[in-house]
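# Coordinate analysis (summary)
Below, each chain spelled out in residue letters.
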Protein chains: 2
Amino acid sequence: MLKRRRATLKDVAESVGVHVSTVSRALNPETRHLITSDIVRKIAAASRALGYIPNTAAYSLRTTRTKIVGVVVPDITNSIFPPIIRGVEDALMEHGYATVLVNTDGGMEREAAMIEALAARGVDGLVIASVHRDDGRIRDLATQGTPVITVNRRMDDPTIPSVTSDEEDGVRRMLTHLAALGHRHICTIAGDQTISTGQRRHEAFMQIAPELGIEPDPANIVFASDFNESSGERCMEELLARGVEFTAVHCSNDRLAIGAISALRRRGLVCPTDVSVTGFNDMPMVDRIDPPLTTIRIQQHKVGYVAAELLYEQMRELSSRPVPQHIVLPVDLVVRSSTAPPPAIASKTVRRAVNRT
Amino acid sequence: MLKRRRATLKDVAESVGVHVSTVSRALNPETRHLITSDIVRKIAAASRALGYIPNTAAYSLRTTRTKIVGVVVPDITNSIFPPIIRGVEDALMEHGYATVLVNTDGGMEREAAMIEALAARGVDGLVIASVHRDDGRIRDLATQGTPVITVNRRMDDPTIPSVTSDEEDGVRRMLTHLAALGHRHICTIAGDQTISTGQRRHEAFMQIAPELGIEPDPANIVFASDFNESSGERCMEELLARGVEFTAVHCSNDRLAIGAISALRRRGLVCPTDVSVTGFNDMPMVDRIDPPLTTIRIQQHKVGYVAAELLYEQMRELSSRPVPQHIVLPVDLVVRSSTAPPPAIASKTVRRAVNRT
DNA sequence: CAAAAATATGCAAACGATTGCACAAGAGAT
DNA sequence: ATCTCTTGTGCAATCGTTTGCATATTTTTG
């Protein structure tokens, strides 16, 4: 990249008066012990003096390792991902890896195309945040021997390692919180069921609600097609249109919750006075919105960091196929202002609002 | 990356019965015309049949071009950047480039280190969103012949091409808006003056305010050390502590504005009833915060996209050093709820609040 | 002290693509 | 029909590393 030709192994070798293979070995920690330590010192000095920087392309060509890992996310613009990506990069950079980011926009076809492009570049491994519960392409990749890890989401196939958060515990804490406030009529806006977070959170809801004396009724459940605000709005409208009684809405993630709150507001209902709304993820800024969102905090940066560490392990022990690991990180309930005790006449309020339209 | 050895040029050549150089030429659009079109067809077919994918490392080694560009941002976690990055990636991907992202965390030393790492990887060019007005390292890079472009910010040195937004016009529109609402006592929280956005917005403020009959008083001006919420809070507190009269605060960006609003709230003042606050950038979610922020919308995705296009031009016409371009994209005023007419007794309100502490 | 073993270095062949040059064959000119 | 000029292909070098093997040197050992 610099104008002036970069120093090569050969330059260093000539400057010291040894063969390039000697320089190569002296500069590589793994093989350094083969060389007389005095020569190693000289080589190190000369290399520094000449400003030697190994040529990545030549290294890759010879070894078929690029020291690049691909990071696949639905959309970097979705603010849940940047902290995760940052975690991945922080971890990988420490090991001398660079990361190439691609956006799939949620589609599995585009995901396949992007992964194809990464494979063409010869990435050493893949961190996938866009994965669906069932994703043949990724399974294939893994069985073919490509180091892969999924982050924040996981596949049903336990063969693919993952780092996720404790969805069950998050849902439990949230429902417990709502129940403690006195809510008995709780609706849920479930996320995309083809994605592990959506499915697991919903499953947890179905299992835990009864334990708290809240019997889930199909009329109280609506499934969102996407994890975003407009989908949240649509679902909330659907719920209101059904005319069911409820004092709280449990949303599968923050963006759905934000949309739900907007929809409520448009109907003249205020959160949390009329209905409480909860999120999941604690993404950036949800503490500043109106009302500040009660949600479940996941360790976004750490999820990414740990995933990268695991991938790194996988990449170096390429020979011995390791047991796939699934790491589940703990979560926290963070109570803000989108939840409150139910209004005394909650059901009436909702009905009135609905009839008003 | 795949288990099964990938097909090489040689494989294709053997399969067709020609020399590898012929295959190379046939597959390259630039040299395709040298080969009999019938053979080209055969080669294309064989290449497809064998699933030939060019080996990037070999290509890079031979040509010293990596088809990778480095993207340097302060922190991907700062939500102003993801849309910009996305724009860069969308544009570059169309031309077959991959992007590797690095975070500088604002420090120029770390920026230098990161750029060093990218250079070592042999990136073909650099998109820099972290640039300071004066940045020797980047000037050097450019004069050494590395294609570089700065995005969202620019250097004082007109030699380095850039894509930015029309800061002056943004400030003008905002001040005009405030003036129209009736504000005469306007404070400003200026951003980091070593960064072009901070400096230009402030300069614009100083120039335009008088035109609107608002004489800037040093007592109404405070400089933020960082473009973030806590810095905004500190500045707002400083302003309040000074006891000056004001009914509106013009902030250099959204995050400062958000911090300012928090600080006001902590003093028992409400925005916009007591004081109007304005931002700049229209970053994601500022329409959902409390109160929804009146700000200047910049074309985040487009800024990135255009910058990438320009960089691409630079990279292909590497021979003829092009005239450095500076593209300035138009902005829009978006009025939401953080601005309102000044309270009749505005100055008293502020003074009371201040004395209360 | 000779032979065997260990150690340190050099040699040369890859890795997979691009490209200047040489050469062969066909087209056009005389 | 000979000569020149294109045009299409092959040859071989090259990019900068890594690494198995050979060789030279030193150390150990019986």
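Note that the structure is a prediction, hence the values are computed from the model and not measured. (Residues numbered from 1 in each chain as written. Chains lettered and ligands numbered in written order. Predicted model: local features only at pLDDT ≥ 70, side-chain atom pairs only at ≥ 80, totals over all residues. Heavy atoms only, no water.)

## Focus on the overall build of chain A
Helix and strand content of chain A: 13 helices and twelve strands. Taken over C-alpha atoms, the radius of gyration comes to 26 Å for chain A, far larger than the 21 Å a tight globule of 357 residues would show. C-alpha extents for chain A along the principal axes are approximately 90 × 35 × 35 Å. Looking at chain A residue by residue over its 357 residues, the buried ones come to 55%. Nonlocal contacts in chain A, meaning residues at least 24 apart in sequence, comprise 71% of its contacts between residues at least 6 apart. Summed over its atoms, the accessible surface of chain A is roughly 14800 Å², and 52% of this surface lies on carbon and sulfur atoms. Computed over 42 positive and 42 negative side-chain charges, the inter-centroid distance for chain A is 7 Å. (Helix = DSSP H or I, 4+ residues; strand = E, 2+ residues; numbered from the N terminus. Rg over C-alpha atoms; globule rule 2.2 N^0.38 Å. Buried < 20%, exposed > 50% of the residue type's maximum accessible area, 1.4 Å probe, protein only. Contact = heavy atoms within 4.5 Å. Areas by Shrake-Rupley, 256 points an atom, 1.4 Å probe, with all protein chains shown as cover. Lys, Arg positive; Asp, Glu negative; His and termini not counted. Charge placed at Lys NZ, Arg CZ, Asp CG, Glu CD.)

## Some details on helix α12 (residues 300–316) of chain B
All names here are of chain B. Helix length check: α12, at 17 residues, gives a terminal C-alpha distance of 25 Å against a target of 24 Å (1.5 Å per residue), a fit within 8%. Within α12, the full set of buried residues consists of Gln 300, Val 303, Gly 304, Val 306, Ala 307, Ala 308, Leu 310, Leu 311, Tyr 312, Gln 314 and Met 315. Buried residues along α12 sit in contact with β1 (68–73), α5 (81–94), β3 (125–128), β4 (148–151), β5 (162–165) and β11 (326–329). (Expected span 1.5 Å × (residues − 1).)

## What about empty space enclosed by the protein?
This model, assessed by the stated rule, comprises four cavities of 30 Å³ or more. In this structure, the largest cavity spans a volume of roughly 180 Å³. Residue assignment for the lining of the largest cavity shows that the elements contributing at least two residues are α4 (56–63) of chain A together with α4 (56–63) of chain B. (1 Å grid on protein atoms, 1.4 Å probe; cavity = no way out; pocket = protein on both sides within 12 Å on 5 of 7 lines; lining within 4 Å. Points joined across faces, edges and corners; volume = space filled by probe spheres on them.)

## Concerning the domain arrangement of chain A
Once the domains are mapped, chain A shows domain 1 (9–54), domain 2 (66–165 + 300–329) and domain 3 (167–298 + 335–356). Taking only C-alpha atoms into account, the centre of domain 1 of chain A sits 35 Å from that of domain 2 of chain A. (Domains from an automatic or database assignment.)

## Points about the packing of helix α8 (residues 167–181) of chain A against helix α9 (residues 196–211) of chain A
A pair of packed helices can be characterised by two numbers: the angle between their axes and the separation between those axes. Residues and elements named next belong to chain A. Running from N to C, α8 and α9 point in directions that differ by 45°, and their axes come no closer than 8 Å. Between α8 and α9, the interaxial angle falls into the category oblique. Taken as a pair, α8 and α9 cross one another with a handedness that is right-handed. In contact with Glu 167, Glu 168, Val 171, Arg 172 and Leu 175 of α8, α9 contributes Thr 197, Arg 200, Arg 201, Ala 204, Phe 205, Ile 208, Ala 209 and Glu 211. Residues belonging to the contact of α8 with α9 are distributed by class as follows: six nonpolar, one polar and six charged. (Axes fitted to C-alpha atoms, helices over the stretch in contact; angles between N-to-C directions. Parallel < 35°, antiparallel > 145°, perpendicular 65-115°, else oblique. Left-handed = near helix turned anticlockwise from the far one by under 90°. Nonpolar A, V, L, I, M, F, W, Y, C, P; charged D, E, K, R; others polar.)

## Thoughts on the interface of chain B and chain A
Each side of the interface is counted separately: chain B has 56 residues, and chain A has 56 residues. The interface formed by chain B and chain A contains four salt bridges. Inspection of the region where chain B meets chain A yields 20 residue pairs in polar contact (both at pLDDT 80 or more). Those elements that provide at least two residues to the side of chain B that touches chain A are α4, α5, β2 (98–103), α6 (108–120) and α11 (254–266) of chain B. Within the side of chain B that touches chain A, the residues separate by chemical class into 30 nonpolar, twelve polar and 14 charged. (Salt bridge = Lys/Arg side-chain N within 4 Å of Asp/Glu carboxyl O. Polar contact = N/O pair within 3.5 Å; in protein donor to acceptor, adjacent residues only side chain to side chain.)

## Observations regarding the relation of the copies chain B and chain A
Between the two copies, chain B and chain A, the superposition gives an RMSD of 0.1 Å; the rotation angle is 180° and the shift along the axis is 0.0 Å. Overall, the copies show the geometry of a two-fold rotation axis. Taking the C-alpha atom as reference, chain B places Ile 289 of chain B closest to the rotation axis, 1.9 Å from it. (Least-squares fit on C-alpha atoms with pLDDT ≥ 70 in both.)

## Side note on the protein's contact with DNA strand C
Around DNA strand C lies a shell of 27 residues, among which Thr 22 and Arg 25 of chain A together with Leu 9, Ser 24 and Arg 62 of chain B are the nearest. For DNA strand C, the fraction of protein-proximal atoms (within 4 Å) that sit in sugar or phosphate groups is 58%. In this structure, Thr 22 of chain A approaches DNA strand C through a side-chain N or O atom, which is 2.3 Å from a phosphate oxygen. Arg 62 of chain A is positioned such that a nitrogen or oxygen atom in its side chain is 3.3 Å from a base nitrogen of DNA strand C. Contributions of two or more residues to the surface near DNA strand C are made by α2 (20–27) and α4 of chain A together with α2 (20–27) and α4 of chain B. Broken down by element, the residue count for the surface near DNA strand C peaks at five residues, all from α4 of chain B. Its residues assigned to classes, the surface near DNA strand C shows 13 nonpolar, ten polar and four charged. (Near = heavy atom within 4 Å.)

## Describing the sheet that holds strand β7 (residues 221–223) of chain A
Residues and elements named next belong to chain A. Strand order across the open sheet formed by four strands is β7-β6-β8-β9, with parallel pairing between neighbours. The sheet is open, and its two edges are formed by β7 and β9 (276–278), each paired on a single side. Averaged over all pairs of adjacent strands, the angle between strand axes in this sheet comes to 15°, irrespective of strand direction. Here strand β6 (residues 186–190) runs beside strand β8 (residues 248–251); their pairing, made up of four bridges, is parallel. Bridging across to β8, Ile 186 finds its partner in Ala 248. (Pairing = 2+ DSSP bridges.)

## Some remarks on the pattern of salt bridges
Inspection of every chain in the model, using the stated rule, returns 44 salt bridges over all chains. Residue Arg 173 of chain A pairs with Asp 332 of chain A through a salt bridge whose shortest N-O separation is 3.5 Å. With a gap of 159 residues between them, Arg 173 of chain A in helix α8 and Asp 332 of chain A in strand β12 (residues 332–334) connect regions that are remote in the sequence. Residue Arg 173 of chain A is classed as partly exposed on the basis of its relative accessible area, which comes to 33%. Salt bridges here are not isolated pairs; linked through shared partners, they connect Asp 75, Asp 105 and Arg 110 of chain A together with Arg 86 and Asp 90 of chain B.

## Observations regarding the nonpolar core
With 144 residues, the main nonpolar core has Ile 189, Val 249 and Val 277 of chain A together with Ile 189, Met 236, Val 249 and Val 277 of chain B as its most contacted residues. Once residues within four sequence positions are removed from consideration, Val 277 of chain A is found in contact with Val 249, Cys 251, Ala 257, Ala 260, Ile 261, Leu 264, Cys 271, Leu 293, Thr 294, Ser 338 and Thr 339 of chain A. The next biggest cluster of nonpolar side chains, apart from the first, holds 36 residues, and it includes Val 72, Val 123 and Ala 142 of chain A together with Leu 141 of chain B. (Core = buried A, V, L, I, M, F, W, Y, C linked by side-chain atoms within 4.5 Å.)

## Looking at the pairing of strand β6 (residues 186–190) of chain B
Residues and elements named next belong to chain B. With respect to burial, β6 is a largely interior element, five of its five residues being buried. Burial along β6 is two-sided: Ile 186, Thr 188 and Ala 190 and Cys 187 and Ile 189, pointing in opposite directions, are all buried. As judged from the three bridges shared by β6 and strand β7 (residues 221–223), these two strands associate in the parallel manner. In the strand pairing of β7, Ala 190 is matched with Phe 223. Following the chain from β6 across helix α9 (residues 196–211) to the adjacent parallel β7, one finds a crossover that is right-handed. (Right-handed = clockwise from strand over helix to strand, strands pointing away.)

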